[in-house]
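In case you want the letters, here they are:
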Amino acid sequence: MPRWKELPAELTTSEHQLLVQLRRLKDHSDLSLAALAGRTSYSRSSWERYLNGKKPVPRKAVEELAQVCGTDPTRLVVLYDVAERSRAKEAGRADEVQEPEGPEGGDAEREKVRSPEPVTESVIEPVAEPVVEPLRAGGPRRAGRTVPLGRAIGVAVVAVAVAFGAGMLAGGARSGTEAREARPGSTVAADAGYLRGQTYPCEVRRKHGELRAGHSGTREMLLDINSTGFDVVEAQCLLREKGFDPGATDGLYDERAKGAAKRFQQAHHLVVDGIIGPDTWRELRR
């Protein structure tokens, strides 16, 4: 795989981090720029400019890349919002937010609130609630405190972005239904959806020329450490069928399952990274 060009030095830290994650996702998908162009709304040259930092990547492009690579776009979109906010600050385009102080005589007076100060991950300030003193008969009117709304929004975005650092790919490949915890010894109904802690049977058969265990028909979903769901169960069953023991077929992609995937990749002359992507799925289903 060709090496990426060095990103421009003038990019903000958040923009740099976003592009690094997008490049990593593209590399793990084994898709070329031309293949991305064929599966998204953007041309090959557009993807080349976006991923090399020559032009800001649009939000829709971020979402489409995540969908094509089979991962949840939520975390990437959060990182995009942080980068967009940072770029706006650098360009001096931070808008001033105004908040009404309260009606008096039928007219609402508004007071300007200063542009939000930069927010860092190490300091998250509590957001003050607006306090407006009631009018007293014959007494002076007290001004209510204004709330820096921009700061409140920034804190919320950064808090989610910190969670993003735990690993984009690790949580990207989940099943369509939300995972729930299974009670020990409980019986799982056929339509109950994926339950953590439950071991699932492997009934591998050849269907339409490929091996299937009956839990998922995916050929592209990216699986890495801590991925969960029926896609993982399918991979575990196929690895076991091929003679590489992944441990329990419980839908949790742990270190043992990743080790089995690495041994399988090495035996089939694939990239040995333990991440199950399109190339590994293709060999598993042969």
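It should be noted that the structure appears before, not after, this text.
Residues numbered from 1 in each chain as written. Predicted model: local features only at pLDDT ≥ 70, side-chain atom pairs only at ≥ 80, totals over all residues. Heavy atoms only, no water.

**Student:** What exactly am I supposed to notice about the overall build of the protein here?
**Tutor:** When its secondary structure is counted, the protein shows 10 helices and six strands. Buried positions account for 42% of the 286 residues belonging to the protein. Here the contacts in the protein between residues at least 6 apart in sequence split such that 54% fall between residues at least 24 apart. Here the protein has roughly 16,300 Å² of accessible surface; of this, 50% comes from carbon and sulfur atoms. (Helix = DSSP H or I, 4+ residues; strand = E, 2+ residues; numbered from the N terminus. Buried < 20%, exposed > 50% of the residue type's maximum accessible area, 1.4 Å probe, protein only. Contact = heavy atoms within 4.5 Å. Areas by Shrake-Rupley, 256 points an atom, 1.4 Å probe, with all protein chains shown as cover.)

**Student:** Help me understand the side chain of K26 in this model?
**Tutor:** Of note, K26 is situated in helix α1 (residues 13–29). One buried charged side chain, K26, makes no salt bridge at all; its nearest oppositely charged neighbour is D27, positioned 4.3 Å away. Of note is the side chain of K26, whose polar atom sits 3.2 Å from the backbone oxygen of L31. Residues contacting K26, with those up to four places away along its chain left out, are W4, L31, S32, L33, L36 and L51. (Lys, Arg positive; Asp, Glu negative; His and termini not counted. Salt bridge = Lys/Arg side-chain N within 4 Å of Asp/Glu carboxyl O. Polar contact = N/O pair within 3.5 Å; in protein donor to acceptor, adjacent residues only side chain to side chain.)

**Student:** Explain unusual backbone geometry here, please?
**Tutor:** As a rule of thumb, non-glycine residues mostly have phi less than zero, and peptide bonds are mostly trans rather than cis. Positive phi, normally seen in glycine, also occurs at D30, with a value near 65°. Along the chain, D30 falls in the loop between α1 and α2 (33–39). Judged by its relative accessible area of 36%, D30 falls in the partly exposed class. Of note, the phi angle at H269 is positive, near 60°, even though the residue is not glycine. In this structure, H269 sits in the loop between α9 (255–267) and α10 (278–284). Given a relative accessible area of 74%, H269 falls into the exposed group.

**Student:** What is the right way to read the packing of aromatic side chains from this model?
**Tutor:** Aromatic ring pairs are defined here through the distance separating the ring centres and the angle between the ring planes. Within this structure, the stated rule accounts for seven aromatic pairs. For the pair Y42 and W47, a centre-to-centre distance of 5.9 Å together with 75° between the ring planes defines the contact as edge-to-face. For the residue pair Y42 and W47, the accessibility class agrees, reading buried in each case. Centre to centre, the rings of Y194 and F230 are 5.8 Å apart; their planes meet at 80°, and the pair counts as edge-to-face. Note that Y194 is positioned in the loop between β3 (180–181) and β4 (195–196) and F230 in helix α8 (residues 230–241), a separation of 36 residues in sequence. Among the aromatic residues, those joined into a cluster by ring pairs are Y42, W47 and Y50. (Phe/Tyr/Trp six-rings, centres within 6.5 Å; stacked < 30°, edge-to-face > 60°.)

**Student:** In this structure, what is going on with the pattern of salt bridges? I would like to understand it.
**Tutor:** It is possible for side chains of opposite charge to pair when their charged atoms get near one another. Counted by the stated rule, this structure contains 17 salt bridges. Between E15 and R87 there is a salt bridge whose closest N-O contact spans 2.4 Å. Here E15, found in helix α1, pairs with R87, found in helix α5 (residues 74–90); they are 72 residues apart in sequence, far enough to count as distant. Of the two residues, E15 and R87, neither departs from the other in class, the shared state being buried. Among the salt bridges present, the one from E210 reaches R212, with a minimum N-O distance of 2.8 Å. By relative accessible area, E210 is classed as buried at 9%. For R212, a relative accessible area of 28% gives the class partly exposed. When salt bridges that share partners are traced, they join K5, E48 and K54 into one network.

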